[in-house]
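Here is how the chains run, residue by residue.
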Amino acid sequence: MSQRTEFIATALAEAGEIEGPKENQTKYGAFTKAQFLPWCGSFVMWCANGVKLKLPNCVSTAAGAAAFKKKGAWQDAADALPEPGDIVFFDFPGDGVDRISHVGIVVRVNADGTIATVEGNTSPDKRGDQRNGGEVCLKTRAYKTKNRSKIRTSLPVSVVGFGRPTFKE
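Residues numbered from 1 in each chain as written. Predicted model: local features only at pLDDT ≥ 70, side-chain atom pairs only at ≥ 80, totals over all residues. Heavy atoms only, no water.

Peer 1: Sorry, what's going on with the packing of aromatic side chains here?
Peer 2: Aromatic ring pairs are reported here in terms of the distance separating the ring centres and the angle at which the planes meet. The full count for this structure, using the stated rule, is 8 aromatic pairs. Relative to Trp 46, the ring of Tyr 28 has its centre 5.2 Å away and its plane inclined at 80°; by these criteria the two rings are edge-to-face. Placement of Tyr 28 in helix 2 (residues 27-32) and of Trp 46 in helix 3 (residues 40-50) is noted, with a sequence separation of 18 residues between them. You can call Tyr 28 buried: its relative accessible area is 2%. Taken together, a centroid distance of 6.0 Å and an interplanar angle of 70° make the contact between Phe 68 and Phe 89 edge-to-face. Separated by 21 residues along the polypeptide, Phe 68 in helix 4 (residues 61-70) and Phe 89 in strand 2 (residues 87-90) bring together distant segments of the chain. (Phe/Tyr/Trp six-rings, centres within 6.5 Å; stacked < 30°, edge-to-face > 60°. Helix = DSSP H or I, 4+ residues; strand = E, 2+ residues; numbered from the N terminus. Buried < 20%, exposed > 50% of the residue type's maximum accessible area, 1.4 Å probe, protein only.)

Peer 1: Explain the nonpolar core to me, please; I cannot follow it from the model alone.
Peer 2: For soluble globular proteins, the rule of thumb is that nonpolar side chains tend to be buried together. Grouped together as the largest cluster of nonpolar side chains are 29 residues, with contacts concentrated most on Phe 7, Phe 43, Leu 55, Phe 68, Ile 87, Phe 89 and Ile 105. For this core, the elements supplying multiple residues, two or more each, are helix 1 (3-13), helix 3, helix 4, strand 2, strand 3 (102-109) and strand 4 (114-122). For this core, the leading source of residues is helix 3, giving 6 residues. Once residues lying within four places of it in the same chain are set aside, the contact partners of Phe 43 are Ala 11, Glu 14, Tyr 28, Ile 105, Val 118, Glu 119, Gly 120 and Val 136. Core analysis: the second largest hydrophobic core is formed by 10 residues, Ala 77, Ala 80, Phe 90 and Phe 162 among them. (Core = buried A, V, L, I, M, F, W, Y, C linked by side-chain atoms within 4.5 Å. Contact = heavy atoms within 4.5 Å.)

Peer 1: Sorry if this is basic, but what is going on with helix 1 here?
Peer 2: Since the α-helix packs 3.6 residues into each turn, any two residues three or four apart lie on the same face. Those residues of helix 1 that fall on the buried side of the exposure criterion are Gln 3, Phe 7, Ile 8 and Ala 11. In a view along the axis of helix 1, the buried residues occupy a sector of 135°, so they form one face of it. On its buried side, helix 1 packs onto helix 3, strand 2, strand 3, strand 4 and strand 5 (135-142). (Arc of directions from axis to C-beta.)

Peer 1: What is the right way to read the side chain of Ser 42 from this model?
Peer 2: Residue placement: Ser 42 occurs in helix 3. Relative accessible area serves as the criterion here: at 0%, Ser 42 is assigned to the buried category.

Peer 1: What am I meant to see in unusual backbone geometry here?
Peer 2: When glycine is set aside, most residues are seen to have a negative phi, and most peptide bonds are trans. Of the consecutive residues Gly 20 and Pro 21, the connecting peptide bond is found in the cis state with omega at 15°. With respect to the secondary-structure elements, Pro 21 resides in the loop between helix 1 and helix 2. Unlike most non-glycine residues, Lys 33 shows phi in positive territory, near 60°. Residue placement: Lys 33 occurs in the loop between helix 2 and helix 3. Phi at Asn 121 is positive, roughly 60°, even though this residue is not glycine. Secondary-structure assignment places Asn 121 in strand 4.

See the structure below:
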């Protein structure tokens, strides 16, 4: 099995994990020494560590995006050609945080301008907190605004861009 496939499988195996008993208390936060902080980036780092994948530190989502940009491994959402295993960075409109504030792992790229992702610390439905929802969830997210007519209007475009890991194949 390739490192990319193992990375995705590791992340998918965590789906349904819930934080607790305290808010933002997880094995992912304990691993990154960021216990009790929002843990989406810690989840990504934990999954990468499990397959010995070297990633820029994504515990701080904004710093993780900046590190991918600095190493030339970044694609803005507008021109992106994402691949499974890419790290996807989000800024959710209307959440009161006007910057990259969430991160996940691309599982599948769909022809309609959406991606299937696995994300730590999100909500299983669209009504819950998308960047601090307390669960590892499988999500479908829109990333292309040009395909707006093909994307369900219930999926706002909140993807800022993608970081491309270097996998050992």
